[in-house]
Amino acid sequence: MTLEEAATRRQVTGERFRADGLDGFSIFETDFTECSFVDCMFDGGKVGMSKFRNCHFTDCSFRDTTLLSCQFNEGGDDEYCVWKACDFSDAFLSECDLSLIHISEPTRRYAIS
């Protein structure tokens, strides 16, 4: 499955996205569970009212991405999202719940607006 295909679904479970991008697409009201995103490009895209449960993001780019009312923590304390070496340069986050995410050291060098 591609990110474009995922954008058309309400539920996405256990998918592995690698070197994929939104290419002008937006993702709204999609629930991702136990998915991994590696080398994915969300640059300039919009992700809104979506939930991410126990998902892993590695080497992904969110430059100029708008994240609106997204939840990255649904589930128990052991079902948090993990971010490693992701670029959030000039990203805009509004009303997103990031309370149970794990951000690895390489990601911290980027600013989250």
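In case you missed it, the structure is sitting above this.
None of these values were measured; they are calculated from a predicted model.

A few words on the environment of N73. Following the sequence through the fold, N73 ends up in the loop between β9 (66-68) and β10 (82-84). For N73, a relative accessible area of 9% translates into the label buried. Remark: the alpha-carbon pair of N73 and C55, spanning 18 residues in sequence, is separated by 9.1 Å.

On the surface, F28, M49, L68 and F92 cluster together into a nonpolar patch covering about 350 Å² of accessible area. Structurally, the position occupied by M49 is in the loop between β6 (46-48) and β7 (51-53). Among the residues examined, M49 registers a relative accessible area of 46% and is labelled partly exposed.

A complete count under the given rule lists two cavities of 30 Å³ or more for this structure. Lining the second largest cavity are I27, F42, V47, F52, F57, F62, L67, F72 and W83. Across the lining of the second largest cavity, the residue classes break down as nine nonpolar, no polar and no charged.

Here the focus is the nonpolar core. Residues F17, F32, F37, F42, F52 and F57 are the most contacted members of the largest nonpolar core, which totals 28 residues. The contact partners of F32, leaving out residues within four places of it in the chain, are A6, V12, F17, I27, F37, K51, F52, R53 and C55.

For the rest of this paragraph, the subject is the sheet that holds strand β11 (residues 92-94). Judged by pairing direction, the sheet is parallel, and its four strands sit side by side in the order β3-β6-β9-β11 without closing on themselves. The outermost strands of the open sheet, each flanked by one partner alone, are β3 (26-28) and β11. Put simply, the sheet's adjacent strands are angled 5° from each other on average, direction ignored. Here three bridges tie β3 to β6, and the two strands are oriented parallel to one another. If you follow S26 over to β6, its bridge partner there is K46.

Further remarks concern the pattern of salt bridges. Applying the stated criterion to the full structure yields three salt bridges. With a shortest N-O distance of 2.7 Å, E29 and R10 are connected by a salt bridge. Highlighted residues: E29 in the loop between β3 and β4 (31-33) and R10 in the loop between α1 (3-6) and β1 (11-13), separated in sequence by 19 residues. With a closest N to O distance of 2.6 Å, D87 and R63 form a salt bridge. Of the two residues, D87 sits in the loop between β10 and β11 while R63 sits in the loop between β8 (56-58) and β9, which places them 24 residues apart along the sequence.

What follows is about the sheet that holds β4. Pairing between the strands of a sheet comes from backbone hydrogen bonds, and it takes one of two forms, parallel or antiparallel. Spatially, the three strands line up as an open sheet ordered β1-β4-β7, and their pairing is parallel. Two strands lie at the open edges of the sheet, namely β1 and β7, each paired on one side alone. For this sheet, the mean angle separating the axes of adjacent strands, direction not counted, is 10°. For β1 and β4, the ladder comprises three bridges, and the chain directions are parallel. Across the sheet, T13 pairs through a bridge with T33, a residue of β4.

Conventions used here
Residues numbered from 1 in each chain as written. Predicted model: local features only at pLDDT ≥ 70, side-chain atom pairs only at ≥ 80, totals over all residues. Heavy atoms only, no water. Helix = DSSP H or I, 4+ residues; strand = E, 2+ residues; numbered from the N terminus. Buried < 20%, exposed > 50% of the residue type's maximum accessible area, 1.4 Å probe, protein only. Patch = residues over 30% accessible without salt bridge, like charges linked within 9 Å, V, L, I, M, F, W, Y side chains within 5 Å. Areas by Shrake-Rupley, 256 points an atom, 1.4 Å probe, with all protein chains shown as cover. Salt bridge = Lys/Arg side-chain N within 4 Å of Asp/Glu carboxyl O. 1 Å grid on protein atoms, 1.4 Å probe; cavity = no way out; pocket = protein on both sides within 12 Å on 5 of 7 lines; lining within 4 Å. Points joined across faces, edges and corners; volume = space filled by probe spheres on them. Nonpolar A, V, L, I, M, F, W, Y, C, P; charged D, E, K, R; others polar. Core = buried A, V, L, I, M, F, W, Y, C linked by side-chain atoms within 4.5 Å. Contact = heavy atoms within 4.5 Å. Pairing = 2+ DSSP bridges. Axes fitted to C-alpha atoms, helices over the stretch in contact; angles between N-to-C directions.

Take it as geometry only, folks, not as evidence of what the structure does.
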